[in-house]
Every structure is written in C-alpha cells, then in structure tokens.
Amino acid sequence: MAAKTIISRPIYGTLSPQPGKHHLFLADADGALAIVDMAKTAPAGFFDGAEIVFIPGPDGKHVGALEALKPAQFHQAPSFASLLPRLKQTLTNAHMGLRLYLAGTEGLIGQAMQVALEAGIDHTSMQTEHRGSLARRMQCVHCKGITENVTTQPATCSHCGLLLLVRDHYSRRLAAFQGVCINAEDRSEIPPIEEAFP
Amino acid sequence: MSTGTTKLDVVVSDVVPVNELVTRFHFRRRDGELLPTFSGGAHVVVEMRDGERTRLNPYSLMGSPLDTREYTISVRRDDVGRGGSLFMHRSVKPGLEMVISYPVNLFSLDLRAKKHLMLAGGIGITPFMAQTAQLAGEGGNFELHYTCRTASLGTYADVLRERYDRRIRLYHDDREERIDLDRLLSTQPLGTHLYVCGPAGMINWVRDRAASLGWPSEAVHFEHFAAPQPGLPFDVTLAVSGKTIRVGEQQSLLEAIEAAGVDPPYLCRGGVCGQCETNVISHDGKFIHNDHWLSEEEHRSGKKIMPCVSRFEGKSLVLER
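Computed from a prediction, not measured in an experiment: that's the story for all the values here.

Visitor: Would you mind showing me how to read the overall build of chain B here?
Guide: Across its full length, chain B holds seven helices and 17 strands. In terms of C-alpha radius of gyration, chain B reaches 20 Å, essentially the compact-globule figure of 20 Å for 321 residues. With the C-alpha coordinates aligned to their principal axes, the bounding extent of chain B is approximately 60 × 50 × 35 Å. In chain B, which comprises 321 residues, the share counted as buried stands at 42%. Within chain B, contacts between residues separated by at least 24 positions form 68% of all contacts whose residues are at least 6 apart in sequence.

Dropping the structure here:
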C-alpha cells in the first residue's frame, strides 16, 4: 500500500460497487484479485452491465477467476499500449452513468486515469485499488523521457542516461513520477542504488 | 463581516418589470468605473436599508460576465416572505444609491466539462443567464432545460430561445410538460457536468436521480439559496461576547447576532457556503436546520448551527460566538 507523503503522491482506495448503468474495469496481474474481492459485495446482476479489460502478468494467472464473474464483456490484452485504442473508443462512445474501476500496478492505474481524465472523468470519481508491484513510471525532468517499471532508488533514465532521484512528486497529466538528477554537481558521485519499489 | 468581500457603492440605473412576479434591477458604480469581473453563477449580497431594518439578501448576477459596466439581478416577488423582495419591488427606484457586496461564486461552471447540462426551475433561471452568456462567448457546449409554471411566468424564456434557439428546452407546468429526467440523464455523453438551480424539491429530485443513474457527485452542481424562514422568537446566549439576545419572528439568527453588535463571518446568507458555521456550546430544545452545508450527522449532533437560515425552539441555546 502506497503511503501518503506529499500532496501529489496518489493514494488508492479499495474498489467498491458504485451506482451506475455501465461498469468498466481495467486491471493488470494481481489487480484481478481486487475485482474478485469487490465482486463478493456487489449486488446481484452487477456484472451484467460490466466490461473487464485485463492485462495478465507473465504468469498468466487470474483469467479464469475474472471470467467466472460472467461480465457482459471480457477482453484480454498483452500490454496497456495494445488496449489503448479500445479504451479510447469505449470512452468516446460512453454516456454518463459509466463508472470506471482501475486495479493493479500504479503504472496501469495512472495511464488509464490519464486517458479517462481526457475523456472528462474527474479523477476523484474513479475507483482505484493498488495491487501488486510498486514499480513506478518515471519521467526524467531533464530529457522528458519516460522510463517504465522503475524499481530502484536512484534510477537511470533509459533515454538520456542521467542518474535520477525518483521523487514522490507525481503528475496525473503525464501519469508519471518525476525523476531529478541526483548528482548534478559531480557526476562521478554515485550513491548506492537500492531496490525501493519492489 | 462578509468574509473576503469588499462592498461596492452602486446606484440603481434601471428597474424593469419582467412579468407579474419578477422585476430586474440594474446597478452601476457610483464612481462610473467598471464593476469587478465575475463568472457565470456568481451572486452579490444586496444591502436593503428599510428604515430601522437592514436586510442582506443574495441574488445571482444574470448579466453577461463579458460586460461589467453594470450588474443585473432579477427579483421574484414573495408576498409571504420576510419582506426583502417586497422592499426591492416597492422601494427601489432608478437613482437610488445602494451598497452591494463584491461578487462571489458558489455555483461556477466546471470548464473541464465536455458538455454543460443545465436544469432550471422558475426564478432559478438567473444564474444560467450569466452562465449561458459566458459559455456562448467561448463556444461552449451547453443545453438548458427550463421548467416554469406558465409561459407568461417563464422569465427570460423568450430571450433565451432567441439567443440560443434549440439549445433551450422549455417545460410548462400548466401544459403538463415534464422533463423525462431519467432519459435525459442517461443519454448524456461522458464528461458532461450537470447544473441545477430551482426549488429545493427539484434540486433534491435531480440530485437523487443523478446519483442513482451513476453520475459522480463531482459532476453534479446545484445552488439553492434557502431564504431564512420566519419562526417563533427564541433567546440565545452568545458565550464569547457575553450577550443574551432575542431572535425575532421575522429575523434570522445571523441578523439578530449582527443587530447585537457582534460581527460574525458570512458570505452567502443562504445556507450554502459554510462561512457562518457556529459551534453550539449547550442547548435544551430542538434545532430547525434549514441549511445545505452541514451533513445530516452534524445536524443530528446538535453541535453546530448555520445561523443564516436555521432556527431553534426550546429552553436555552448557548453559542460559541
């Protein structure tokens, strides 16, 4: 569970069934378990109006558990990038009454939220639950490149190669934490690199 | 003391009867300068000096925010109210010098919205006059559904139809025309924000249906100025200032506190903004809560009261004021 440090650092809740006409779920890997847990308290017939879009982890687990909820639609995707056109299309055609539920890694929640914000959903009206890895999506504030799945502190920018302090400062617009050069004064100074976001 | 609002010295530049119940008042600055900028949905508090008595009533600004040479408000005559609207209708004439507050907006547009869906009932049309003008100037996407009792009481319905044509839908009670609310709310594109202003019953109905149909509360905006209701006189002890006061039948608790020379913060004077929230130290009796600010739980707790609109009946009430 991510702890609150500074105001921009997102905090996540626990999925709960909302009143609505359509329910769109996006989850990756262990995020599926958040949906399964929520389903225990959902009213009968809740998933008749639901669509679940799922990115299984490398182990391919939880697909059966989600299918067992019998959502109106179930869709699997190998990556967030691959489901993006479908997600945008769904949101473009959607009406008020659609509720969004995001569960899994921060990267998935953040990127889906970014698309949903553009579609006009207020971030506080989305249901979110963090499950699985704490790995971060990071933007290098120097070259603006995004590095996915950052687990260490500091971390190397995969674009410009600077060694970056991964801050809790988060941008919803970019769906990324900010990375700032940790040794700008003396590039030969290399602090110990630790596993910080397992 | 109105929180964060300076006063404006204005002169009534025009008084225009709109229909049998509603009159429009135009204000300009006495020094001839432009009035402060405002956004659609803002209101001003008008000071009405009526002999010994001063009333402070909030009214939505209904002119275009693009024109700050004058402010305009529309006042519906309420023959059984506390007299503020009657004072405006009977005593306010062109040339009268008045004092109004700076504009305050507790009902602003959320400009992130993809579309603005507006629902007005009766005199609740006034904030939408300014909001539609603001949106039309920016090419905004809006639709206004306006319910009135009869065509002749459809204040500004003709103006709106002329300006915005099919973006305005009218419903007349006397012709049994009703909004198909569930259908309307279920067919709005994602990213629509809902705005409702009208009688309390209408606001509650719309909010309730919107919540049931899956509209998140962040996308539902409403404004209802609860006019202070008259009631039985009651006595109040103000513990901080060490005074005991009597609240008259036609007086609000806030007005009685002010009349005693105590200057509590306020902004809307209609139970909406929360500025005058006051702690209750002790009480023996029952509260008559009329505000939209405190939660139901706070109403039940007996620990807080909004003196602008709420009253008390019983033996004793001690406030931290």
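Visitor: Would you mind showing me how to read the overall build of chain A here?
Guide: The helix and strand tally for chain A stands at four helices and 12 strands. Across its three principal axes, chain A shows a C-alpha extent of roughly 60 × 35 × 30 Å. By sequence separation, contacts in chain A at least 24 residues apart represent 61% of the contacts at least 6 residues apart.

Visitor: Help me understand the environment of Ala133 of chain B in this model?
Guide: Residue and element names in this part refer to chain B. On the secondary structure map, Ala133 appears in helix H2 (residues 126-137). Ala133 sits in the partly exposed class, given 19 other C-beta atoms within 10 Å. Apart from the residues lying within four places of it in its own chain, the contact partners of Ala133 are Gly40, Ser64, Pro65 and Leu66.

Visitor: What is the right way to read the domain arrangement of chain B from this model?
Guide: Accessible area lost when the parts come together is the quantity often used to give the size of an interface. Residue and element names in this part refer to chain B. With domains assigned, chain B is organised as domain 1 (7-105), domain 2 (115-223) and domain 3 (234-319). One C-alpha centre belongs to domain 1, the other to domain 3, and the line joining them spans 26 Å. Each side of the interface is counted separately: domain 1 has six residues, and domain 3 has five residues. Here the side of domain 1 that touches domain 3 takes three residues from strand E4 (residues 53-60), the largest share from any one element. Looking at the side of domain 1 that touches domain 3, its residues break down into four nonpolar, one polar and one charged.

Visitor: Could you clarify how one ought to interpret the nonpolar core in this entry?
Guide: If you look at soluble globular proteins, the nonpolar side chains tend to sit buried side by side. Counting 122 residues, the largest nonpolar core has Phe25, Ile35 and Leu102 of chain A together with Val196 of chain B as the members making the most contacts within it. Residues in contact with Phe25 of chain A, not counting those within four places in the same chain, are Ile35, Ala50, Glu51, Ile52, Val53 and Tyr101 of chain A.

Visitor: In this structure, what is going on with the interface of chain B and chain A? I would like to understand it.
Guide: With 19 residues of chain B at the interface, the matching set in chain A holds 17 residues. The set of elements that each furnish at least two residues to the side of chain B that touches chain A consists of helix H4 (181-186) and helix H5 (200-212) of chain B. Looking at side-chain class alone, the side of chain B that touches chain A contains nine nonpolar, seven polar and three charged residues.

Visitor: How should the sheet that holds strand E12 (residues 220-223) of chain B be read in this particular structure?
Guide: Adjacent strands of a sheet pair through backbone hydrogen bonds, lying either parallel or antiparallel. Residue and element names in this part refer to chain B. Read across the open sheet, the five strands follow the order E10-E9-E8-E11-E12; overall the sheet is parallel. Two strands close off the open sheet at either side, each with one partner strand: strand E10 (168-172) and E12. Between one strand axis and the next, the sheet turns by 15° as a mean value, whatever way the strands run. Strand direction decides the pairing type here: strand E8 (residues 115-121) and strand E11 (residues 192-197), joined by six bridges, are parallel. Bridge assignment links Ala120 to a residue of E11, and that residue is Cys197.

Visitor: Mind showing me how you'd approach the sheet that holds strand E4 (residues 98-104) of chain A here?
Guide: All names here are of chain A. Strands sit in the order E3-E2-E1-E4-E5 across an open sheet of five strands; the sheet is parallel. The sheet is open, and its two edges are formed by strand E3 (73-76) and strand E5 (127-130), each paired on a single side. Strand-to-strand twist in this sheet, taken as the mean axis angle between neighbours without regard to direction, amounts to 10°. In this sheet, strand E2 (residues 50-55) lies alongside strand E1 (residues 22-28) in parallel orientation, the contact comprising six bridges. The partner of Leu24 across the bridge, within E2, is Glu51. Along the sheet face, helix H3 (residues 80-93) touches E1, E2 and E3 and points at about 160° away from the line of E2. Packed onto the sheet, helix H4 (residues 106-118) meets E1, E2, E4 and E5 and runs at close to 155° relative to E4.

Visitor: What is the right way to read H2 of chain B from this model?
Guide: Residues and elements named next belong to chain B. Under the 1.5 Å per step criterion, the end-to-end length of H2 is 17 Å for 12 residues, consistent within 8% with the ideal 16 Å. In terms of residue burial, H2 counts as a mostly covered element, since nine of its 12 residues are buried. For H2, the complete set of buried residues consists of Thr126, Pro127, Phe128, Met129, Ala130, Gln131, Thr132, Gln134 and Leu135. Directly beyond the C-terminal end of H2, a positive phi value near 70° is found at Gly139.

Visitor: Looking at this structure, I do not really get the environment of Phe38 of chain B. What am I missing?
Guide: Positionally, Phe38 of chain B belongs in the loop between strand E2 (22-29) and strand E3 (42-50). Those residues within four positions of Phe38 of chain B in sequence are excluded, and the remaining contacts are Leu61, Pro65, Pro103 and Asn105 of chain B.

Visitor: Help me understand the domain arrangement of chain A, please; the structure alone is not making it clear to me.
Guide: Residue and element names in this part refer to chain A. For chain A, the assigned domains are domain 1 (22-130) and domain 2 (136-195). Taken over C-alpha atoms, the centre of domain 1 sits 29 Å from the centre of domain 2. With eight residues of domain 1 at the interface, the matching set in domain 2 holds five residues.

Visitor: Explanation requested: the confidence of the model for chain B in the structure shown.
Guide: As a note on interpretation, predicted positions should not be read in detail where pLDDT is low. Of the residues in chain B, 98% have a pLDDT of 70 or more, and the chain-wide mean is 93. In the predicted assembly, ipTM is 0.88 and pTM is 0.88.

Visitor: I'm lost on the environment of Phe234 of chain B in this one. Help?
Guide: All names here are of chain B. With respect to the secondary-structure elements, Phe234 resides in strand E13 (residues 234-238). Measuring from C-alpha to C-alpha, the distance between Phe234 and Ile281 comes to 16 Å, with 47 residues separating the pair along the chain. Setting aside its immediate chain neighbours within four residues, Phe234 contacts Val247, Arg311, Phe312, Glu313 and Leu317.

Visitor: For this particular structure, what's the right way to read the pairing of strand E17 (residues 311-319) of chain B?
Guide: Looking along a regular strand, one sees side chains alternate from face to face of the sheet. Residues and elements named next belong to chain B. In this sheet, E17 lies alongside E13 in parallel orientation, the contact comprising two bridges. When the bridges of E17 are listed, Leu238 appears paired with Leu319. Bridging between strand E15 (residues 278-288) and E17 involves eight bridges; their strand directions are antiparallel. Across the sheet, residue His283 finds its bridge partner in E17, namely Leu317.

Visitor: Looking at this structure, I do not really get the pairing of E15 of chain B. What am I missing?
Guide: Where E15 of chain B meets strand E16 (residues 304-305) of chain B, two bridges bridge the pair, whose relative direction is antiparallel. Among the inter-strand pairings, Thr278 of chain B is bridged to a residue of E16 of chain B, identified as Ile305 of chain B.

Reading the values: rules and limits
Residues numbered from 1 in each chain as written. Chains lettered and ligands numbered in written order. Predicted model: local features only at pLDDT ≥ 70, side-chain atom pairs only at ≥ 80, totals over all residues. Helix = DSSP H or I, 4+ residues; strand = E, 2+ residues; numbered from the N terminus. Rg over C-alpha atoms; globule rule 2.2 N^0.38 Å. Buried ≥ 20, exposed ≤ 12 C-beta atoms within 10 Å, placed from the backbone. Contact = placed C-beta atoms within 7 Å. Domains from an automatic or database assignment. Nonpolar A, V, L, I, M, F, W, Y, C, P; charged D, E, K, R; others polar. Core = buried A, V, L, I, M, F, W, Y, C linked by C-beta atoms within 7 Å. Pairing = 2+ DSSP bridges. Axes fitted to C-alpha atoms, helices over the stretch in contact; angles between N-to-C directions. Expected span 1.5 Å × (residues − 1). pLDDT = per-residue confidence, 0-100.

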